[in-house]
Structure formats: structure tokens, C-alpha cells
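Listed here are the chains, written in short residue letters.
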Amino acid sequence: MADLQTADAEPEATRVAVSVIVPVYNEEDSLPHLYQQLHDVLEGLGETYEIVFVDDGSRDQSMAILRDFAGRDKRVRVVGFRRNFGQTAALDAGFKHATGDVLIPMDADLQNDPKDIPRLLAKMREGYDVVSGWRKERKDAFLTRILPSRIANRIISRITGVRLHDYGCTLTAYRREIMRDVHLYGEMHRFIPVWAHWAGGKVTELAVDHHPRQFGTTKYGLSRTFRVILDLITVRFLVAYTTKPAYFFGRFALLSFLLSFLSFAWTLLEKVWLGTWVHNNPVFLIGIFTGIVGVQVVFVGLLAELNIRTHFEAQRRPAYFVRERLNVPAPDDSGTSPAPRRAP
Ligand code: UDP
Ligand code: MG
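These lines cover the structure that appears in this document, whether it is placed above or below. (Residues numbered from 1 in each chain as written. Chains lettered and ligands numbered in written order. Predicted model: local features only at pLDDT ≥ 70, side-chain atom pairs only at ≥ 80, totals over all residues. Heavy atoms only, no water.)

**Concerning the nonpolar core**
Counting residues in each nonpolar core, the largest one holds 35 residues, and the members touching the most others are Val-22 and Phe-53. Elements represented by at least two residues in this core include exactly β1 (18–24), α1 (31–43), β2 (49–55), α2 (62–72), β4 (102–105), α4 (117–125) and β7 (203–208). Setting aside residues no more than four positions away along its own chain, Val-22 makes contact with Leu-34, Leu-38, Ile-51, Val-52, Phe-53, Val-54, Met-106, Asp-107 and Ala-108. If you look at the next biggest cluster of nonpolar residues, it comprises 18 residues, including Val-79, Ala-93, Leu-103 and Ala-196. (Core = buried A, V, L, I, M, F, W, Y, C linked by side-chain atoms within 4.5 Å. Buried < 20%, exposed > 50% of the residue type's maximum accessible area, 1.4 Å probe, protein only. Helix = DSSP H or I, 4+ residues; strand = E, 2+ residues; numbered from the N terminus. Contact = heavy atoms within 4.5 Å.)

**So, the packing of aromatic side chains**
Counting across every chain of the model gives seven aromatic pairs. Between Phe-248 and Phe-249, the aromatic rings sit 5.4 Å apart at their centres with planes inclined by 90°, giving edge-to-face as the arrangement. One aromatic cluster in this structure is built from Tyr-35, Phe-53 and Phe-69. Its guanidinium or amino end placed over the ring of Tyr-128, Lys-202 lies 5.0 Å from that ring's centre, counting from NZ or CZ. One cation-aromatic arrangement involves Lys-271 over Trp-277; the distance from NZ or CZ to the ring centre is 4.4 Å. (Phe/Tyr/Trp six-rings, centres within 6.5 Å; stacked < 30°, edge-to-face > 60°. Lys NZ or Arg CZ within 6 Å of the ring centre and 35° of its normal.)

**With respect to the pattern of salt bridges**
Across all of its chains, the model carries 15 salt bridges by this definition. For Asp-116, the salt bridge is made with Arg-119, and the minimal N-O distance between the two is 2.6 Å. A residue is classified by how much of its surface remains accessible, and Asp-116, at 4% relative accessible area, is buried. Residue classification places Arg-119 among the partly exposed residues on the basis of a relative accessible area of 38%. (Salt bridge = Lys/Arg side-chain N within 4 Å of Asp/Glu carboxyl O.)

**Focus on empty space enclosed by the protein**
Per the counting criterion, the structure on display carries two cavities of 30 Å³ or more. One number sums up the size of the largest cavity: a volume of about 90 Å³. Together, 13 residues line the largest cavity, and Cys-169, Thr-172, Tyr-174, His-189 and Arg-190 are the ones closest to its centre. Of all the secondary structure elements, the ones that give two or more residues to the lining of the largest cavity are α3 (87–97), β6 (172–175) and α7 (192–198). (1 Å grid on protein atoms, 1.4 Å probe; cavity = no way out; pocket = protein on both sides within 12 Å on 5 of 7 lines; lining within 4 Å. Points joined across faces, edges and corners; volume = space filled by probe spheres on them.)

**Some thoughts on the site of ligand 1**
Taken together, 18 residues surround ligand 1, and among them Glu-27, Asp-56, Asp-109, Arg-145 and Thr-218 come closest. A distance of 2.6 Å separates an oxygen atom of ligand 1 from a polar side-chain atom of Glu-27. In isolation ligand 1 has 530 Å² of accessible area, and contact with the protein removes 96% of it. Assessed atom by atom at 2 Å from the grid points, ligand 1 resides in the largest pocket. Its residues assigned to classes, the shell around ligand 1 comprises five nonpolar, five polar and eight charged. (Near = heavy atom within 4 Å. Polar contact = N/O pair within 3.5 Å; in protein donor to acceptor, adjacent residues only side chain to side chain. Areas by Shrake-Rupley, 256 points an atom, 1.4 Å probe, with all protein chains shown as cover. Sits in = over half its atoms within 2 Å of the grid points. Nonpolar A, V, L, I, M, F, W, Y, C, P; charged D, E, K, R; others polar.)

**As for the layout of surface pockets**
Any empty space left between the atoms is revealed when a probe the size of a water molecule rolls over them. Roughly 710 Å³ of volume is contained in the largest pocket. What lines the largest pocket is a set of 44 residues, among which Gln-87, Asp-107, Arg-145, Tyr-220 and Arg-224 lie closest to the centre. In terms of residues, the lining of the largest pocket owes the most to one element, helix α5 (residues 142–160), which gives six residues. A per-class count over the lining of the largest pocket returns twelve nonpolar, 17 polar and 15 charged. Each pocket or cavity is described by its volume, and for the second largest pocket that value is around 360 Å³. Around the second largest pocket, the lining is made up of 15 residues, and of these Trp-134, Arg-150, Asn-153, His-165 and Asp-166 lie nearest the centre.

**Focus: the side chain of Ser-30**
Inspection of the secondary structure assignment puts Ser-30 in the loop between β1 and α1. In this structure Ser-30 comes out as buried when scored by relative accessible area, which is 0%. For Ser-30, the contacting residues outside a window of four places in its chain are Ala-108, Asp-109, Leu-110 and Phe-215.

**A look at the environment of Phe-53**
Its location among the elements puts Phe-53 in strand β2. In contact with Phe-53, not counting residues within four places along its chain, are Val-22, Val-24, Leu-31, Leu-34, Leu-66, Phe-69, Val-76, Arg-77, Val-78 and Val-79.

Structure (C-alpha cells):
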């Protein structure tokens, strides 16, 4: 999205301390309540703030309502999509248009509670870069939502090594630096904490309130869990092997060569023991097959290496992140703050 100006280009004066980011898709009944609750909580913070609503192509009156908010309150910013691009895209647009030092996304349907925002901020002041919300008592359908999500969370936690209970909670606080250069797609928003952890950020979680949906309907069902698992594989790959994909492919190649070797050895033994000729022995074919696959996988690994080179060179991304610099100026091309690498 080349036309998206990142908020970092904005002058310092228009920046705020806290940005709340709300993706909105057909939430006309919730919006007035949400705005009122947010207003009350944020006014009580004693910090500068803004609320960034992203209308994800709603077909009800949501956009008209947001227009009305924006007309009355300059701290309300609205981005309206041309059509429905999905929650992740809406969140991404929200992050890009937000100017806050701390970015707090939340759902528009009143399932997240604005009252948790001060708690998230307090936790963040203890020195964390990401404070992830944990819907400890989640109020959704058990079989289609809570159970699959619990299983998915377990798997994600195990595979990524970032121990969180709830990756699906939109309500989370991110420090701005962590979100710089993060681009989201698929179901990737739930892996930002993983990303942040990998970039050296401090990640923790905080139990937050969760309410049943009062108005409108949920936009998701069981199928979402599968998409999450697929994205997880990508994330695992990217986080662990982006700098050395040949190692990743190399393991498969080794396994394949090993199988190939064992098959040939077995074929030879059968010839010696039982006198079976190779043209009568299917194991010989397995040996040939796994041998060829092994060679292919090695070459795919090399291609992936080439790709990664292009990726890093084209974007001049370092393979490390700097937390602070003492008596050394930041080099021109790496910015002044640590820039986590682009999310998958
Ligand atoms: N949402 C969106 N675009 C979509 C689907 C959902 O912006 O295509 C928003 C929706 O308005 C809500 C949030 O994403 O603010 C979470 O959606 P939902 O409540 O349906 O998900 P659930 O809470 O059931 O996981
Ligand atoms: Mg919801």
C-alpha cells in the first residue's frame, strides 16, 4: 500500500501519548456506547489521546455515525475502506494512521472493556513493550470458539516459545517502536507479540474483562482456527529461519537422503541374502525417489536463500535490532529507534 503515509512522517506536535484503534464492521448499535465509554476512560487518563476508527466497508450506518463523531470531536480519526477487507487489514490501517506512543487496538462490539486501558498502560509503565490482553473468562460460544481457540493458543504458545494464554484478544497495548514496519495480513495480527519478542521486546499478559456480544453478530466461526494454524506455520518458519532458510530445507533434504541411503542398503542386503534383483524390489524405487526429492529440496533451499538476500538488501533490513546507542549516532538508513523487521 504505497499510498499509505506512515504516521512517523508526522510532525512531533501532532503526536499523542495513546492511540486507541478500533476496526468496525457493521457495528452501528455498539458505536455510540463504545464512544461514550472510551471518552470517559480516556479523559480520565490525563494524557493526550486519539481514537482511530477504521470502517471496514460496513453496510449499515456505522460510517455515518463515525462521520458524526469526527465532526464533533477532533480526537476521533476515521479511516473508511472502500469495501470489506477484513479485520486484520483494518487493524493494519489503524496502526499506520495512529500517532500515539502507545497503540491499543480493541473490538468495536463492546466485548472488550475500555476500563482495562488504564490497567494496560500501568503494566506497560513497568517496562514492557507489549501487554497482551487475556480474556480469562471469555464470553463466546464454547464449542465453536472457546475450545478451538484454547487448543490453538496452546499450540502457538508451544511452537513460538512465547508463553501467552490468549493470542486472539484484540485488546492489547503495543509500544510504537515495536509496531514500526510491521505489516499485517492473513490472521497475523495475533502474532505481533511473537514478533515483538523475537525483535527483543519485553512481552507480558494481563487478564482483561470480556463481555457477551450485545448488538450485531460475530463475523467468525470455527474455520478461523484453521487459518490461524496455517499462519502459525509461516510465522514459525519466518521467525526461526528467515536469515538462514537453507538450514530449514537442509534438514528435510538430509532426512530424504537418509531414507534414500537406507532403502539402497536394504535393497543390497536383500540381494545378498535373498537374491532379489533390484527390478523386483520396490524398496529400490523408494531409494531413487527420496534421493531425487533430497536433491530438489537442497536446490529449493538455495533459491530461498537467494530470496532472503533480495529481501534484506532491497529493504536494507539489519539482521539485528538496537535497543539503545551511547555516544554513537544512528546510521542514516536504520532510523533512530529499533525497527523490528516486517511481519510476515
Ligand atoms: N471486524 C472488521 N472486519 C471484518 C470482521 C470484523 O473490522 O471483516 C471487526 C468487528 O467489527 C469487531 C472486531 O473486528 O470490532 C471483531 O469481530 P467479531 O466481534 O465479529 O469477532 P469475535 O469477537 O467474534 O472474534
Ligand atoms: Mg466480538
